[in-house]
Protein chains: 2
Amino acid sequence: MTLMDILKHRHTTKAYDKDRKIPEPVVAQLLEALRYSPSSVNSQPWHFFVADNDAGKARIAKATSGPFAFNAPRVLDASHVLVLSARTSLPPEYLQTLADQEQADGRYANEEARALAHKGRSGFVSLHEQAGDIPVWTQKQTYIAQGFLLLSAATLGVDATPMEGFDAGILSTELKLEEKGLAPAVIVALGYHSDADFNARLPKSRLPEKAIFSRI
Amino acid sequence: MTLMDILKHRHTTKAYDKDRKIPEPVVAQLLEALRYSPSSVNSQPWHFFVADNDAGKARIAKATSGPFAFNAPRVLDASHVLVLSARTSLPPEYLQTLADQEQADGRYANEEARALAHKGRSGFVSLHEQAGDIPVWTQKQTYIAQGFLLLSAATLGVDATPMEGFDAGILSTELKLEEKGLAPAVIVALGYHSDADFNARLPKSRLPEKAIFSRI
């Protein structure tokens, strides 16, 4: 399939085939799509929870209750369910971890290059701390990762359901997100759609080019 | 190239070959990647400005001045420069436009299906209006589109530079974003890197799997 085919044929799956599991080599690629996603100043301000078993999926499904119960079957029936979460702070120790990782990965020819990169990143983080929007900034980066995950899934022939419709408080409590300095961003179910997936048979709808592009 | 090759080889380009333009059929695919990006409740809460000429790029480069001057050459030298912006409100008329588009695209078998979808989307929008976070919510969706754009560019062999480092006030004034009910999200330069692009020769760095994944 070409990129255009992939873009046009992917869709949000509404019902999963409970009996089909994503092969582990494919899962590994999907997780790498998240890990290799870009983020502002390479901040990688995220953590991903991966449930590939009934007990793990049931924990996530606690948050698809009440007004969000319509999403529960997608969580319970999918092959794998991911919770994408974002850091709520980027303290100096974390920025040091990033600098150490970049050095270990061979990005710095010398100490000067390392110091310059560390200073630049810390400066951007400071701007966001001053603006009081670190949690929003990190969520936005995590949405880039969501984009990488969804397009990668489609490329690999895996169906997906991104879900913002969940109880953030319940999910935070269940996964102890607050203690870990994290906030939930989105739940993404992954697997293969069943015959009950009405959305697989519906045409995609998008606003026309003239509504969303301006040539300048 | 496989998906893994694409993920590992793409990088943020630091210097462009001024003489290489992206072929129009490739540009068309990149814009379709934005247009076909998914968004919560198919809200498509975005608008994209496309500059493929010196005058248009110079307008965007007004915002890469002062502390952001380091980004100016990327804006001025790239083949195409996009400004991804997000809606700051989702009024009833806009939600009606989405419903009409979905009907025109054939997503509704009957009036009941249409009314149900419209009610569901309006309900989610209301929740965000009550939370006072519509502009944040729409920015997050626009970051999914950013992810689709960046991964699609890499798939098509196009280099990219996503830039949050710009003066949002200057860019808003230049593109009259506020009057249009928009706020800037990110500038993305697209083209082909030059020999001066030091980042093309550096290894990627990412945190290890154990730091960012938890199996539950």
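Check the entry above for the structure.
To keep things clear, this report deals only with the structure shown in the data block. (Residues numbered from 1 in each chain as written. Chains lettered and ligands numbered in written order. Predicted model: local features only at pLDDT ≥ 70, side-chain atom pairs only at ≥ 80, totals over all residues. Heavy atoms only, no water.)

1. Details of the packing of aromatic side chains
How two aromatic rings sit relative to each other is set out by the distance from centre to centre and by the angle between their planes. Per the counting criterion, the structure on display carries 4 aromatic pairs over all chains. Note on Phe48(A) and Phe213(B): the rings are 5.6 Å apart at their centroids and 40° apart in plane angle, and the pair reads as tilted. You can see Phe48(A) sitting in strand E1 (residues 46–51) and its partner Phe213(B) sitting in strand E5 (residues 213–215), one on each of two chains. With a relative accessible area of 0%, Phe48(A) lands in the buried category. Taken together, a centroid distance of 5.8 Å and an interplanar angle of 35° make the contact between Trp46(B) and Phe48(B) tilted. An aromatic cluster is present here, built from Trp46(A), Phe48(A) and Phe213(B) joined pairwise through their rings. In this structure, Arg20(A) packs its charged tip against the face of Tyr192(A), placed 3.8 Å from the ring centre. (Phe/Tyr/Trp six-rings, centres within 6.5 Å; stacked < 30°, edge-to-face > 60°. Helix = DSSP H or I, 4+ residues; strand = E, 2+ residues; numbered from the N terminus. Buried < 20%, exposed > 50% of the residue type's maximum accessible area, 1.4 Å probe, protein only. Lys NZ or Arg CZ within 6 Å of the ring centre and 35° of its normal.)

2. With respect to the relation of the copies chain A and chain B
If you rotate chain A by 180° and push it 0.0 Å along the axis, it lands on chain B with an RMSD of 0.0 Å. Here the copies are linked by what is in effect a two-fold axis. In this assembly the copies share their binding face: 99% of the residues contributing to the interface of chain A also contribute to that of chain B. (Least-squares fit on C-alpha atoms with pLDDT ≥ 70 in both. Contact = heavy atoms within 4.5 Å.)

3. Considering the sheet that holds strand E1 (residues 46–51) of chain B
Sheet strands associate in pairs through backbone hydrogen bonding, adopting either a parallel or an antiparallel arrangement. Spatial strand order, E5(A)-E1(B)-E2(B)-E4(B)-E3(B): 5 strands in an open sheet with mixed pairing. Every interior strand has two partners, whereas the edge strands, strand E5 (213–215) of chain A together with strand E3 (159–163) of chain B, have only one. The sheet shows a mean angle of 20° between the axes of neighbouring strands, direction not considered. Bridging between strand E2 (residues 80–87) of chain B and strand E4 (residues 182–191) of chain B involves 8 bridges; their strand directions are antiparallel. Paired with Ala86(B) across the bridge in E4(B) is Ala183(B). Along the sheet, helix H7 (residues 134–155) of chain B makes contact with E1, E2, E3 and E4 of chain B, crossing E4(B) at roughly 10°. (Pairing = 2+ DSSP bridges. Axes fitted to C-alpha atoms, helices over the stretch in contact; angles between N-to-C directions.)

4. Some remarks on the sheet that holds strand E4 (residues 182–191) of chain A
Pairing is mixed in the open sheet, where 5 strands are placed in the order E3(A)-E4(A)-E2(A)-E1(A)-E5(B). Looking at the sheet topology across the chains shown, the edges are occupied by strand E3 (159–163) of chain A together with E5 of chain B. Neighbour to neighbour, the strand axes of the sheet diverge by 20° on average, direction disregarded. As paired elements, E3(A) and E4(A) share 5 bridges and run antiparallel to each other. Following the sheet pairing, Asp159(A) is matched in E4(A) by Gly191(A). In the packing of helix H7 (residues 134–155) of chain A onto the sheet, contacts are made with E1, strand E2 (80–87), E3 and E4 of chain A, and the angle to E4(A) comes to roughly 10°.

5. Brief notes about helix H2 (residues 24–35) of chain B
The end-to-end C-alpha distance of H2(B) is 16 Å, a good match for the 16 Å that 12 residues give at a rise of 1.5 Å each. Within H2(B) the residues assigned to the buried category are Val26(B), Val27(B), Leu30(B), Leu31(B), Glu32(B), Ala33(B), Leu34(B) and Arg35(B). (Expected span 1.5 Å × (residues − 1).)

6. Let's talk about the interface of chain A and chain B
Chain A puts 73 residues into the contact, and the matching count from chain B is 72 residues. In total, about 6900 Å² of surface goes out of reach between chain A and chain B, with carbon and sulfur atoms giving 63% of it. Counting across the interface, chain A meets chain B through 2 salt bridges. Note that Arg215(A) and Asp52(B) form a salt bridge whose closest N and O atoms lie 3.9 Å from each other. Across the chain A-chain B interface, the total number found is 48 residue pairs in polar contact (both at pLDDT 80 or more). In terms of residues, the side of chain A that touches chain B owes the most to one element, H7(A), which gives 13 residues. Here E5(A) pairs with E1(B) via 3 bridges, running parallel. Note that in E1(B) the partner of Arg215(A) across the bridge is Val50(B). (Buried area = accessible area lost by both parts, 1.4 Å probe. Salt bridge = Lys/Arg side-chain N within 4 Å of Asp/Glu carboxyl O. Polar contact = N/O pair within 3.5 Å; in protein donor to acceptor, adjacent residues only side chain to side chain.)

7. Notes on empty space enclosed by the protein
All names here are of chain A. Within this structure, the stated rule accounts for 1 cavity of 30 Å³ or more. Taken as a whole, the largest cavity holds about 30 Å³ of empty space. If you list the elements that add at least two residues to the lining of the largest cavity, you get helix H2 (24–35) and E2. If you tally residues by element for the lining of the largest cavity, the top one is H2, at 3 residues. A class-by-class count of the residues in the lining of the largest cavity yields 6 nonpolar, 1 polar and no charged. (1 Å grid on protein atoms, 1.4 Å probe; cavity = no way out; pocket = protein on both sides within 12 Å on 5 of 7 lines; lining within 4 Å. Points joined across faces, edges and corners; volume = space filled by probe spheres on them. Nonpolar A, V, L, I, M, F, W, Y, C, P; charged D, E, K, R; others polar.)

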